[in-house]
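# Observations on the three-dimensional arrangement
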Amino acid sequence: MTDRCTALSAAAGEDQAGTAPGEGVWLLVEQPGPWGRKALRESDLPDDVAALLGGLGAHVAPGAPDVRVQLVRRPGRSAVATGAGRTVLAARPGGPGGALVVTRLEVDDLRALLDHDPADLAAGRLAGAAPYGGPLWLVCTNGRRDVCCAELGRPVAAALAERWPEATWETTHLGGHRFSATLLALPAGVALGRLDPATALAACAELEAGRLPLDVTRGRTGRPASAQVAELALRRRLGLTGLDAVAVVDTGAGGVELEVRGAGQRWYAAVTSRPGVPSPASCGDAKLKATPVHEVALRPRGA
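So, a few notes on the structure that sits alongside this text.

## Some words on the overall build of the chain
On a plain count of helices and strands, the chain comes out with six helices and 16 strands. Its C-alpha radius of gyration of 19 Å places the chain within 12% of the 19 Å reference for a compact globule of 303 residues. Based on the C-alpha atoms only, the size of the chain along its principal axes is roughly 65 × 45 × 35 Å. Across the 303 residues that make up the chain, the buried fraction comes to 50%. As displayed, the chain has an accessible area near 13200 Å², and 51% of this comes from carbon and sulfur atoms.

This is the structure we're talking about:
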């Protein structure tokens, strides 16, 4: 295991803060069975459905958040019975305290997605979907993409499924293989990394209680890396763990303005970044990638 990308990343002391996916809209499509490295093209999806999902990026409205399409399946489930329906979940910005709005649609066949406007799908709007009010724990387990995701992610997904069977799904790719096991928590939009079954159970319990598990948080999705690291730095400085305790007010070149909700405090974070030590971005990939090292200088606004 010492040659795994996760072990090499940990040995290099890579910081996972600021590595959450930048997409702000998520479309989750249930597709049990084996997944390929390029999941949409190599997971037995109907060709027309794969083409629709793979092309949604072209339908994102100007200035709107980017969309990310993920395949999902229940832990330990390799196939579905003939004629069984599929679940489709969408998450988009607009929830309270910076959370996402999550909706759920059950379809008899994934070709039903072909009847939806691609622009609506790209915006996270599912016609006929019902609001989904519970948590969602999405654990990356696609071993064809990276072996660490399978070896480390599947035990995490299994442990979470025992406690939260309705909330837990395996998924195809959350980025940051070397931070496996990785997890996306919805509706909070929080990405977690370097999890094992015990830390995952504890972290998800914290999130369910409305608190951010700072030690394993990569950042909030849909935000630039500078905003992710600035928020985490301010939270650590002030000891703030409430999910909606800190709001990102503005981002600019090299700086982020933050607000401590309920306290009337504004902070400015000057963020500088430099290349880190190059390390393998993925197992089996000889290409080295330098994860940025971020330095954050905080000061009260107006000081």
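## Concerning the pairing of strand β6 (residues 136-140)
Within β6, five of the five residues are buried, which leaves the element mostly enclosed by the surrounding structure. Alternating residues of β6 divide into Leu136, Leu138 and Cys140 and Trp137 and Val139, and every residue in both groups is buried. Here four bridges tie β6 to strand β8 (residues 183-186), and the two strands are oriented antiparallel to one another. The residue bridging Leu136 from the neighbouring strand is Leu186, located in β8. Pairing of β6 with strand β7 (residues 168-171), which is carried by four bridges, proceeds in the parallel orientation. The residue of β7 that forms the bridge with Val139 is Glu170.

## Focus: helix α2 (residues 47-54)
Considered for burial, the residues of α2 that qualify are Val49, Ala50, Leu52 and Leu53. The arc that holds the buried residues of α2, viewed along the axis, is 160°, so those residues lie on one side. Exposed residues on α2 whose side chains face more than 90 degrees from its buried face are Asp47, Ala51 and Gly54. Packed against the buried residues of α2 are β1 (25-30), β2 (67-73) and α3 (118-122).

## So, the side chain of Arg73
Mapped onto the elements, Arg73 comes out in strand β2. Residue Arg73 is classed as buried on the basis of its relative accessible area of 8%. At 2.7 Å, the side chain of Arg73 forms a polar contact with the backbone oxygen of Gly33. Residues within four places of Arg73 in sequence aside, it is in contact with Gln31, Pro32, Gly33, Pro34, Trp35, Thr141, Arg154, Trp169 and Glu170.

## A look at the nonpolar core
Ranked by size, the top nonpolar core spans 38 residues in total, and within it Trp137, Leu160, Leu183, Leu192, Leu195, Leu207 and Leu258 carry the most contacts. Secondary structure elements with two or more residues in this core: β6, α4 (147-163), β8, β9 (190-192), α5 (197-208), α6 (225-238), β12 (255-260) and β13 (265-275). No other element matches the five residues that α6 contributes to this core. Those residues in contact with Trp137 that sit more than four places away from it in its chain are Leu160, Trp164, Ala167, Thr168, Trp169, Leu183, Leu184, Ala185, Cys204, Leu207 and Glu208. Membership of the second largest hydrophobic core comes to 25 residues, among which are Leu27, Val69, Leu105 and Ala122.

## Brief notes about the sheet that holds strand β16 (residues 292-300)
Sheets are built from strands paired through backbone hydrogen bonds, the pairs being either parallel or antiparallel. Overall, antiparallel pairing links the four strands, which are arranged β11-β12-β13-β16 in an open sheet. Two strands bound the open sheet, and with one partner strand each, they are β11 (246-252) and β16. Adjacent strand axes in the sheet meet at a mean angle of 25°, parallel and antiparallel pairs treated alike. Two elements, β12 and β13, share six bridges in a ladder whose sense is antiparallel. Considered in β13, the bridge of Val256 is made with Ala269.

## A word on the sheet that holds strand β3 (residues 86-93)
The strand order across the open sheet formed by ten strands is β5-β4-β3-β1-β2-β7-β6-β8-β9-β10, and the pairing between neighbours is mixed. Strands at the two margins of the open sheet, each flanked by one partner only, are β5 (130-131) and β10 (217-220). Across two bridges, β2 lies against β7 in antiparallel orientation. Each bridged residue has a counterpart across the sheet, and for Val72 the counterpart in β7 is Thr171.

## Focus on the pattern of salt bridges
Scanning the entire structure with this criterion turns up 16 salt bridges. The residue Glu166 makes a salt bridge to Arg74 at a minimum N-O spacing of 3.6 Å. A residue pair is termed long-range when its members are at least 10 positions apart, and Glu166 in the loop between α4 and β7 and Arg74 in the loop between β2 and β3 qualify at 92 residues. Glu166 gets classed as partly exposed once you look at its relative accessible area, which sits at 41%. Its salt-bridge partner being Arg223, residue Glu231 comes within 2.6 Å of it at the nearest N-O pair. Each of the two residues, Glu231 as well as Arg223, counts as buried.

## Re the packing of aromatic side chains
Summed over all chains, the structure comprises one aromatic pair. Judged by centre distance (5.5 Å) and plane angle (75°), the rings of Trp137 and Trp164 are edge-to-face. Taken together, the residues Trp137 in strand β6 and Trp164 in the loop between α4 and β7 connect sequence positions 27 residues apart. The pair Trp137 / Trp164 is uniform in exposure class, with both members buried. Above the ring of Trp35, the side-chain terminus of Arg73 is found at 3.7 Å from the ring centroid.

Cut-offs applied
- Residues numbered from 1 in each chain as written.
- Predicted model: local features only at pLDDT ≥ 70, side-chain atom pairs only at ≥ 80, totals over all residues.
- Heavy atoms only, no water.
- Helix = DSSP H or I, 4+ residues; strand = E, 2+ residues; numbered from the N terminus.
- Rg over C-alpha atoms; globule rule 2.2 N^0.38 Å.
- Buried < 20%, exposed > 50% of the residue type's maximum accessible area, 1.4 Å probe, protein only.
- Areas by Shrake-Rupley, 256 points an atom, 1.4 Å probe, with all protein chains shown as cover.
- Pairing = 2+ DSSP bridges.
- Arc of directions from axis to C-beta.
- Contact = heavy atoms within 4.5 Å.
- Polar contact = N/O pair within 3.5 Å; in protein donor to acceptor, adjacent residues only side chain to side chain.
- Core = buried A, V, L, I, M, F, W, Y, C linked by side-chain atoms within 4.5 Å.
- Axes fitted to C-alpha atoms, helices over the stretch in contact; angles between N-to-C directions.
- Salt bridge = Lys/Arg side-chain N within 4 Å of Asp/Glu carboxyl O.
- Phe/Tyr/Trp six-rings, centres within 6.5 Å; stacked < 30°, edge-to-face > 60°.
- Lys NZ or Arg CZ within 6 Å of the ring centre and 35° of its normal.

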